[in-house]
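Fold and geometry: a report
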Amino acid sequence: MDVIRPGSLQDCLRILKTEHTIPIAGGTDLMVNLALNKISPDRIIDITGLQELKEISLSDNFLKIGALVTFSRLAGKEIAQYPCCNALREAAEKMGSPQIRNRATIGGNLVTGSSAGDGSVAILALDAQVELTGLDGIRKVPLSLFYSGYHQTAIHSDELLTAVYIPIRPGTSSFQKVGKRNALAIAVASLAIYSYIRDSHFEQIYIAIGSVAPTPIRAVKTDLFLQGQKITSGVIKEAARIIQDEIAPITDIRGTADYRRKLIANLLADQLQQLSESKN
Amino acid sequence: MLSCKINGEEIHSEIPSDMRLIDFLREEMNLTGVKEGCSEGECGACTVLFNGDPVNSCIMLAIQAEGAEITTIEGIAKDGKLSDLQQAFIDHGAVQCGFCTPGMILAAQALLDKNPHPAEAEIRHAISGNLCRCTGYQAIVDAILAVSQRK
């Protein structure tokens, strides 16, 4: 196996055209899969030298986060200034360990396509788009259409995920996960909410959930129910009931389907409760 | 060809492009203070500082250290004298089998370099990627706290 460090994005995309070639960034997932022989590419392109993929910038009310931005940076000041992106910062703080956060990148988290990916679940609630770059050009895909199946995404083998675009708007977001311990736990279930409350009513709400389906998913029925509602204890109860019916989790080594349903209902109720308290 | 700085020394080395950073450090540089535990980024025994930040050297390629500054436990003692953290680990009985110790000290050093007076919770957070199976964590946290309260 050959590892190549391209000098530019163009070089990288050219090499990516060749067969059995995959990119590596932080490597926190990929190196483990290589060691376990789950993947055996002929060629690996180390993209960590591409400085242009490490930028965070704001333009036209979209926060552009380069694919190589690490979780340590996502957990820091650069994201903290945008309340609507709270969920991403909270997910970044809770993901992995300090060592993993210093290497793992947002691009890697998204293309790995894990249903339990903390960053992926948070960003899904933020109505984000991913930028996929190939030699033929750039296309933007809403994250809600990015995941196609278990560890499957819409990215083509000759494309690189180069950035994520998050709309910056009024409102706040939050992320919670439950795992066996705080550090290095793969989520048994996780839930992120973006919402904008006006005159005590939900003007907009997006809920994303992890570890309850083959990919991170949006809880669209629950969103629809909550849209326009005022947060009362009755509404919270009903939303918690709806979201349990909306999901079809499986039983695996980390938890049973029933346990996951209850976790999701509780995570939703808890975050709605916090929203109602912060409003008063 | 890999060019980087290891424990303050400029290194230029011809290496296989798919070599892991941990193998480069242990096998080529004889820095055997870097320990291999789980090989998948869970235990932190292989922790080294990469431009001052702790990383797991078992899930990094050596080639990714191009241009970087790497610090291993061998680079922590200065002029044959143990660092404050190393001495505090001894004084507080924070070392038993010693396998996690290099990684623990490097994770703690990275914290103190950025935040010289951390709260206990911040210390526990900073070493949350390092497993110890012998002494338990209290002695380790006490050792780090002692150094942070000294100055």
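On a predicted model such as this, the values are computed, not experimentally measured, just so you know.

**Section: the overall build of chain A**
When you go through chain A residue by residue, the secondary structure sums to 11 helices and 14 strands. With 280 residues in all, chain A has 54% of them scored as buried. If you take every contact in chain A between residues at least 6 apart in sequence, the share linking residues at least 24 apart comes to 61%. Accessible area for chain A stands at about 12,300 Å²; split by element, carbon and sulfur atoms hold 50% of it. Separation between the mean location of the 30 positive side-chain charges and that of the 28 negative ones in chain A comes to 5 Å.

**Description of the sheet that holds strand β7 (residues 137-142) of chain A**
For sheets, the rule is that strands pair by backbone hydrogen bonds, running either parallel or antiparallel. Residue and element names in this part refer to chain A. On the basis of which strands lie adjacent, the open sheet formed by five strands has the order β4-β5-β10-β6-β7 and antiparallel pairing. Bordering the open sheet on either side are β4 (56-59) and β7, each of which pairs with just one other strand. Averaged over all neighbouring strand pairs, the angle between strand axes comes to 25 degrees, with direction disregarded. Note: β4 against strand β5 (residues 62-66), four bridges, orientation antiparallel. When the sheet's bridge partners are listed, Leu58 is paired in β5 with Leu63. Across the sheet, helix α1 (residues 9-16) lies against β6 (129-134) and β10 (160-167), angled at about 120 degrees from β10, the strand it touches most.

**Things to note about the nonpolar core**
Grouped together as the largest cluster of nonpolar side chains are 75 residues, with contacts concentrated most on Ile65 and Ile166 of chain A together with Phe24 of chain B. With five residues, helix α8 (residues 118-125) of chain A is the largest single contributor of residues to this core. Each residue touching Ile166 of chain A, except ones within four places of it in the same chain, is listed here: Asn61, Phe62, Leu63, Ile65, Cys85, Leu88, Ile123, Leu126 and Ala128 of chain A.

**So, the packing of helix α3 (residues 101-114) of chain B against helix α5 (residues 138-150) of chain B**
Between two packed helices, both the angle of their axes relative to each other and the distance between the axes serve to describe the pair. All names here are of chain B. Their axes nearest at 11 Å, the elements α3 and α5 cross at an angle of 35 degrees. Relative to α5, α3 is oriented so that their crossing is right-handed. Residue-level contacts link Met104, Ala108 and Leu112 of α3 to Ile140, Ile144, Val147 and Ser148 of α5. Residues that form the contact of α3 with α5 fall into these classes: six nonpolar, one polar and no charged.

**Examining the domain arrangement of chain B**
Residues and elements named next belong to chain B. Looking at chain B, the domain boundaries give domain 1 (2-74) and domain 2 (84-150). With centres defined by C-alpha atoms, the gap from domain 1 to domain 2 works out at 21 Å. Facing 17 residues of domain 1, the contacting portion of domain 2 comprises 12 residues. Between domain 1 and domain 2, the buried area comes to about 1,100 Å², and carbon and sulfur atoms account for 66% of it. Linking domain 1 with domain 2 are one salt bridge, by the criterion used here. Here Lys114 ties to Asp53 by a salt bridge, and the two come within 2.6 Å at their closest N and O atoms. Joining domain 1 to domain 2, the criterion identifies five residue pairs in polar contact (both at pLDDT 80 or more). If you list the elements that add at least two residues to the side of domain 1 that touches domain 2, you get β3 (47-50) and β4 (53-56). Here the element with the most residues in the side of domain 1 that touches domain 2 is β3; it accounts for three residues. Taken together, the residues of the side of domain 1 that touches domain 2 sort by class into six nonpolar, seven polar and four charged.

**Here we look at the environment of Leu49 of chain B**
Residue and element names in this part refer to chain B. Turning to its location among the elements, Leu49 is positioned in strand β3. Expressed as a C-alpha distance, the spacing of Leu49 and Ile63, which sit 14 residues apart in the sequence, is 15 Å. Not counting the four nearest positions on each side in its chain, Leu49 is found in contact with Pro54, Glu69, Ile70, Thr71, Leu106 and Ala110.

**Details of the interface of chain B and chain A**
Taken residue by residue, the interface counts 27 residues in chain B and 24 residues in chain A. At the boundary of chain B with chain A, total buried surface from both sides reaches about 2,000 Å², with 56% on carbon and sulfur atoms. The three residues of chain B that bury the most area against chain A are Ile59, Leu61 and Gln64 of chain B, which together make up 27% of that side's buried surface. Scanning the region where chain B abuts chain A turns up zero salt bridges. On the surface where chain B and chain A come into contact, there are eight residue pairs in polar contact (both at pLDDT 80 or more). Contributions of two or more residues to the side of chain B that touches chain A are made by β3, β4 and α4 (120-126) of chain B. Looking at the side of chain B that touches chain A element by element, the count peaks at four residues for β4 of chain B. For the side of chain B that touches chain A, the per-class residue count stands at 11 nonpolar, 10 polar and six charged.

**Topic: the sheet that holds strand β3 (residues 43-46) of chain A**
All names here are of chain A. Taken together, the three strands give an open sheet; going across it, the order is β1-β3-β2, and neighbouring strands pair in parallel fashion. The open sheet is flanked by β1 (2-4) and β2 (21-24), the only strands paired with a single partner. Going across the sheet, the axis of each strand differs from the next one's by a mean of 25 degrees, ignoring polarity. Across three bridges, the pairing between β1 and β3 is parallel. By the bridge assignment, Ile4 is partnered in β3 with Ile45.

Calculation rules
Residues numbered from 1 in each chain as written. Chains lettered and ligands numbered in written order. Predicted model: local features only at pLDDT ≥ 70, side-chain atom pairs only at ≥ 80, totals over all residues. Heavy atoms only, no water. Helix = DSSP H or I, 4+ residues; strand = E, 2+ residues; numbered from the N terminus. Buried < 20%, exposed > 50% of the residue type's maximum accessible area, 1.4 Å probe, protein only. Contact = heavy atoms within 4.5 Å. Areas by Shrake-Rupley, 256 points an atom, 1.4 Å probe, with all protein chains shown as cover. Lys, Arg positive; Asp, Glu negative; His and termini not counted. Charge placed at Lys NZ, Arg CZ, Asp CG, Glu CD. Pairing = 2+ DSSP bridges. Axes fitted to C-alpha atoms, helices over the stretch in contact; angles between N-to-C directions. Core = buried A, V, L, I, M, F, W, Y, C linked by side-chain atoms within 4.5 Å. Left-handed = near helix turned anticlockwise from the far one by under 90°. Nonpolar A, V, L, I, M, F, W, Y, C, P; charged D, E, K, R; others polar. Domains from an automatic or database assignment. Buried area = accessible area lost by both parts, 1.4 Å probe. Salt bridge = Lys/Arg side-chain N within 4 Å of Asp/Glu carboxyl O. Polar contact = N/O pair within 3.5 Å; in protein donor to acceptor, adjacent residues only side chain to side chain.

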